[in-house]
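# Chain and residue survey
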Amino acid sequence: MSRVIPRLVGAAIAVAALSSTLACGIVGADNTEACENIKKEVQNFTTQSVQNIDDPKALGQSYHDLADKIRSEGEKGDGDLQDATRDLGAAYDKLGDTVTNASTASNPTVPDSSEVTAAGVKFKNACD
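Residues numbered from 1 in each chain as written. Predicted model: local features only at pLDDT ≥ 70, side-chain atom pairs only at ≥ 80, totals over all residues. Heavy atoms only, no water.

Moving on, we get to the overall build of the protein. Scanning the protein from N- to C-terminus turns up 5 helices and 0 strands. Going from the N terminus to the C terminus, the protein shows its helices and strands as α-α-α-α-α. Here the protein holds 128 residues, and the buried ones make up 42% of them. Sequence-distant contacts, at least 24 apart, represent 77% of the contacts inside the protein between residues at least 6 apart. For the protein, the accessible area works out to roughly 6300 Å², and carbon and sulfur atoms hold 49% of it. (Helix = DSSP H or I, 4+ residues; strand = E, 2+ residues; numbered from the N terminus. Buried < 20%, exposed > 50% of the residue type's maximum accessible area, 1.4 Å probe, protein only. Contact = heavy atoms within 4.5 Å. Areas by Shrake-Rupley, 256 points an atom, 1.4 Å probe, with all protein chains shown as cover.)

Next up, the structure:
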């Protein structure tokens, strides 16, 4: 069962987050580069996370790495983008913890992706 959780998380949640960020219509010189870079990071994550699909700890760490990259890029934008990327980074950090802990849980469950989805919408709005 513990292998099922990372597969579901790696595929479904990464794709949901990707769709939230790819819809970003870039406006404003301060946010353009940061929004584009974050979209690329999420795309790369979606492709690369498949490599860690059978290793919950590595997959969890990849979510933390993505969160760090998102926050770092977000600092290059305006206040709305910075706020949105902090929320998105925190959501990915929480997801990373959940995935990592699923490997040792006696009764693992599918993580709730609602925070990632909500933060993705906030990010999209900051880039619009």
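Resuming the write-up.
Per-residue confidence for the protein gives a mean pLDDT of 80; residues scoring 70 or more make up 76%. Mean pLDDT across the elements of the protein ranges from a minimum in helix α1 (residues 4-22), with 51, to a maximum in helix α3 (residues 56-74), with 93. (pLDDT = per-residue confidence, 0-100.)

Let's shift gears to the packing of α3 against helix α4 (residues 79-102). Between α3 and α4, the shortest axis-to-axis distance is 8 Å and the interhelical angle comes to 170 degrees. Relative to α4, the element α3 is oriented roughly antiparallel. (Axes fitted to C-alpha atoms, helices over the stretch in contact; angles between N-to-C directions. Parallel < 35°, antiparallel > 145°, perpendicular 65-115°, else oblique.)

It is worth spelling out the nonpolar core at this point. Core analysis: the biggest nonpolar cluster contains 22 residues, and Tyr-63, Ile-70, Leu-81, Tyr-92 and Phe-123 have the highest contact counts within it. For this core, the leading source of residues is α4, giving 7 residues. (Core = buried A, V, L, I, M, F, W, Y, C linked by side-chain atoms within 4.5 Å.)

Right, let's get into α3. With 19 residues, α3 extends 27 Å between its outermost C-alpha atoms, agreeing within 8% with the 27 Å of an ideal straight helix rising 1.5 Å per residue. Among the residues making up α3, those that are buried are Pro-56, Leu-59, Gly-60, Ser-62, Tyr-63, His-64, Leu-66, Ala-67, Ile-70, Glu-73 and Gly-74. (Expected span 1.5 Å × (residues − 1).)

Turning next to the state of the cysteines. Taken as a whole and judged by the stated rule, the model has 1 disulfide. With its sulfur 2.0 Å from that of its partner, Cys-35 forms a disulfide with Cys-127. Measuring handedness by torsion sign, the sulfur bridge of Cys-35 and Cys-127 sits at about -95 degrees and is left-handed. Of this pair, Cys-35 sits in helix α2 (residues 29-48) while Cys-127 sits in helix α5 (residues 114-127); the two residues are 92 residues apart in sequence, bridging distant segments of the chain. Of the two residues, Cys-35 and Cys-127, both sit in the buried class. (Disulfide = S-S within 2.5 Å.)

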